[in-house]
Amino acid sequence: MKKLKRKEGMVENTSIGSHIVNVILGLILAVVAFCCVVPMWHVLMSSLSDGKALFAHSGLVLWPVGDFNLEAYKIVLKDNSVVRSYLVTIFYVVGSSLVGLVLNVLAGYVLSRQSKLRGPLMMLVLVSIMFNGGLIPTYMVVRGLGLTGTPLAIILSGCTNAMFMVMVMNGFLQVPIETVEAAQIDGAGHFQMMFQVMLPQARGLVLVTMINTALMAWNAWFEASIYVPRTKEWWPLQLVIRDFISRNQDFLNYANPDYNRYLVQYAVIVLATIPILLLMPFFIKKLEENMVIGAVKG
Amino acid sequence: MAKKKNVASYVKKTSWKEDMRKNGILYVIFVPVLVWLICFHYAPMFGILMAFEDYSITQGVFGSPWVGMQNFVDLFTGTGFALAFRNTVAMAILSLTLGFFPTILFSLVLTTFPHKRMRRGFQLLSYLPNFVSAVVMCSLATEFLSERGAITQFISLFGPEAQNWLANPNIPIFWVIYTLIGVWQGMGWGSIIYVTSINNVNGELHEAAALDGANRFQRITHVTLPAVMPLIIMMWTMAIGMVFKTVGTNVLLLYMPITYDVADVLSTYTYRMSFGSTANYGLSTASGLFQSVLGMILLIVSNKLGKKASGASLF
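Residues numbered from 1 in each chain as written. Chains lettered and ligands numbered in written order. Predicted model: local features only at pLDDT ≥ 70, side-chain atom pairs only at ≥ 80, totals over all residues. Heavy atoms only, no water.

Right, let's get into the overall build of chain B. Looking only at helices and strands, chain B features 16 helices and zero strands. Taken over the C-alpha trace, chain B has a radius of gyration of 25 Å; the compact-globule value for 315 residues is 20 Å, which it surpasses by more than 25%. Counting only C-alpha atoms and orienting by the principal axes, one finds that chain B spans roughly 75 × 70 × 30 Å. For chain B, the proportion of contacts with a sequence separation of at least 24, taken over those separated by at least 6, is 63%. Split by element, the accessible area of chain B, about 15,500 Å² in all, is 68% carbon and sulfur. Here chain B contributes 21 positive and 13 negative side-chain charges, whose respective centroids are spaced 17 Å apart. (Helix = DSSP H or I, 4+ residues; strand = E, 2+ residues; numbered from the N terminus. Rg over C-alpha atoms; globule rule 2.2 N^0.38 Å. Contact = heavy atoms within 4.5 Å. Areas by Shrake-Rupley, 256 points an atom, 1.4 Å probe, with all protein chains shown as cover. Lys, Arg positive; Asp, Glu negative; His and termini not counted. Charge placed at Lys NZ, Arg CZ, Asp CG, Glu CD.)

Taken together, the contact between chain A and chain B spans 96 residues of the former and 95 residues of the latter. Between chain A and chain B the total buried area reaches about 8,800 Å² when both faces are included, carbon and sulfur atoms providing 75% of it. Per-residue buried area on chain A facing chain B is highest for Leu29, Lys116 and Phe131 of chain A; these three make up 9% of the total on that side. For the pair chain A and chain B, the number of links is one salt bridge. Arg120 of chain B serves as the salt-bridge partner of Glu288 of chain A, at 3.0 Å between the closest nitrogen and oxygen. With 17 residues, helix α2 (residues 16-47) of chain A is the single largest residue contributor to the side of chain A that touches chain B. Here the residues of the side of chain A that touches chain B sort into 66 nonpolar, 22 polar and eight charged. (Buried area = accessible area lost by both parts, 1.4 Å probe. Salt bridge = Lys/Arg side-chain N within 4 Å of Asp/Glu carboxyl O. Nonpolar A, V, L, I, M, F, W, Y, C, P; charged D, E, K, R; others polar.)

Below, the discussion takes up the confidence of the model for chain A. Summing up the model confidence of chain A, the mean pLDDT is 86 and the portion of residues at 70 or higher is 91%. In the model, residues 1-11 of chain A has pLDDT below 50 throughout and makes 14 contacts with residues more than four positions away in sequence or in other chains. (pLDDT = per-residue confidence, 0-100.)

Below, the discussion takes up the packing of aromatic side chains. The tally for this structure, following the rule as stated, stands at 27 aromatic pairs over all chains. A centroid spacing of 5.0 Å and a plane angle of 90° characterise the contact between Phe55 of chain A and Tyr262 of chain A, whose relative ring orientation is edge-to-face. On the criterion of sequence distance, the pair formed by Phe55 of chain A in helix α3 (residues 51-56) and Tyr262 of chain A in helix α15 (residues 260-297) is long-range, its members being 207 residues apart. Judged by relative accessible area, which is 14%, Tyr262 of chain A ranks as buried. On the basis of an interplanar angle of 85° and a centroid distance of 5.8 Å, the ring pair of Trp221 of chain A and Phe222 of chain A is categorised as edge-to-face. Counting every residue linked through ring pairs, the aromatic cluster contains Tyr139, Trp221, Phe222 and Tyr227 of chain A together with Tyr271 and Phe275 of chain B. Stacked on the ring of Trp16 of chain B, the Lys or Arg Lys116 of chain A has its end atom at 5.1 Å from the ring centre. (Phe/Tyr/Trp six-rings, centres within 6.5 Å; stacked < 30°, edge-to-face > 60°. Buried < 20%, exposed > 50% of the residue type's maximum accessible area, 1.4 Å probe, protein only. Lys NZ or Arg CZ within 6 Å of the ring centre and 35° of its normal.)

What follows is the structure, encoded as structure tokens:
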């Protein structure tokens with residue numbers, strides 16, 4: 001304990017009062033942590049419960065109610081829409097990140113170079129941050145381009161935005177001018193310059209934009225609901241979950257309700273959330289660093 | 001400063017011919033970005049004409065009869081839009097106050113807590129909600145706030161009768177619920193930047209204050225807070241700038257006909273006017289335009305404020 005204090009450079013008094021404060025602080029943090037964890041735990045345990053018992057149960061479920069039961073997962077996995085939408089979502093996430101990466105690097109590179117048109121191009125990018133045509137006009141353009149009903153509508157509309165382009169530009173502007181000139185003398189072309197000289201140096205900010213794009217694509221459901229409403233094979237996971245949950249509201253209307261159907265909504269939530277929570281520990285440090293870089297330089 | 005001068009002199013001195021020779025390829029490289037910007041930002045801007053038309057699908061954007069400001073008159077005299085506007089403003093204000101400060105409080109509590117291992121553990125757990133998608137988050141809220149939900153049961157301990165809280169049309173219940181859901185999701189993740197900044201506060205300042213007899217609370221108010229104040233102001237002005245773009249994004253997943261009067265926001269109003277049973281493209285575009293203009297004004301004002309207050313700006 002003493003060592004820890006010295007390490008943090010603190011002069012701590014160790015009176016009883018200070019211990020009480022520590023306990024109170026710890027309790028506050030514990031309550032916050034509890035609130036963050038318990039909803040997902042509740043859903044996990046509910047999905048493993050007995051349908052009928054759970055339906056009669058009210059309040060928090062900290063352990064499966066009734067008999068342990070995996071029927072809900074069987075129902076969900078038999079209906080291959082969940083598995084398919086998983087693949088579709090991964091396709092959207094990867095597609096948006098890659099298309100976004102290319103556009104951001106192109107824009108960031110051009111905007112970081114000195115040229116006569118730099119000012120007007122910058123203006124063009126900035127105006128699009130501040131002002132947009134709105135839902136219906138955008139929808140009509142996308143439809144006019146013949147993209148509605150295709151996955152391209154979702155990937156292209158969500159792959160980047162002007163803010164990300166400006167971030168990458170800022171990253172490129174930080175690259176020392178000597179490095180750029182040296183590469184030029186060595187005969188590097190524009191694309192070599194972009195991807196081999198500047199990109200590695202600005203990878204922190206570029207990664208921030210990619211992670212944000214990927215997260216947005218993972219979370220997105222609205223775009224799919226307006227651009228591919230009738231082509232279910234291109235629905236992303238989130239839209240499928242939403243559909244499952246709203247369809248499940250009326251399971252009781254059947255003459256002989258199958259209570260396992262009541263569990264399905266929990267099972268889809270678990271299936272949609274657990275993988276990302278399992279992946280989280282592997283890149284949490286990187287994400288934290290990027291949060292700070294993005295906020296400071298973005 | 002020198003750099004700016006350089007740029008200005010380059011633009012003036014270089015002739016177009018020379019620039020084209022030197023940077024022509026650069027402009028070609030920009031073409032894909034330009035195409036993207038035109039398709040998803042600039043072409044839709046022509047659609048704004050619809051806000052001033054009695055739009056009909058058969059006649060198209062350029063053929064429909066011109067009605068001037070009639071759509072806006074209809075918007076402001078009708079009740080639906082006025083309510084949506086009121087709700088948007090109310091939720092925006094709540095998200096900038098009740099929704100903004102818990103993150104800072106949490107960061108302060110976290111950094112004051114002395115046990116390093118546990119501190120890290122608590123912090124990691126607080127990140128969890130950030131990785132839950134909007135759809136899942138809203139269905140969790142629906143579940144916990146339903147008549148037999150866990151939160152409803154908890155609230156009932158303090159008196160209020162058990163009910164489906166999301167179906168309660170009284171002011172300001174939906175607004176507060178909406179804001180608190182945002183706090184739940186964003187608090188842990190949002191605290192990263194504050195925690196980093198608090199940890200970077202010069203340790204010697206703390207030591208000096210402690211030697212002068214300042215207790216922990218006094219050290220927070222006299223050392224930590226002044227040191228991170230510029231960051232807080234920056235984050236707040238940024239939040240103001242973005243508030244009209246971000247507020248209400250999840251309302252579509254939470255509201256229901258019974259709560260339309262308190263839960264409807266500009267974006268959901270626009271959505272219903274676009275794709276609902278009473279679709280009216282003219283009205284929908286007009287309300288979208290109104291939201292866009294308001295958002296732009298806020299962004300510019302907050303950017304100016306931010307520059308003045310902390311030297312940082314969004315762009």
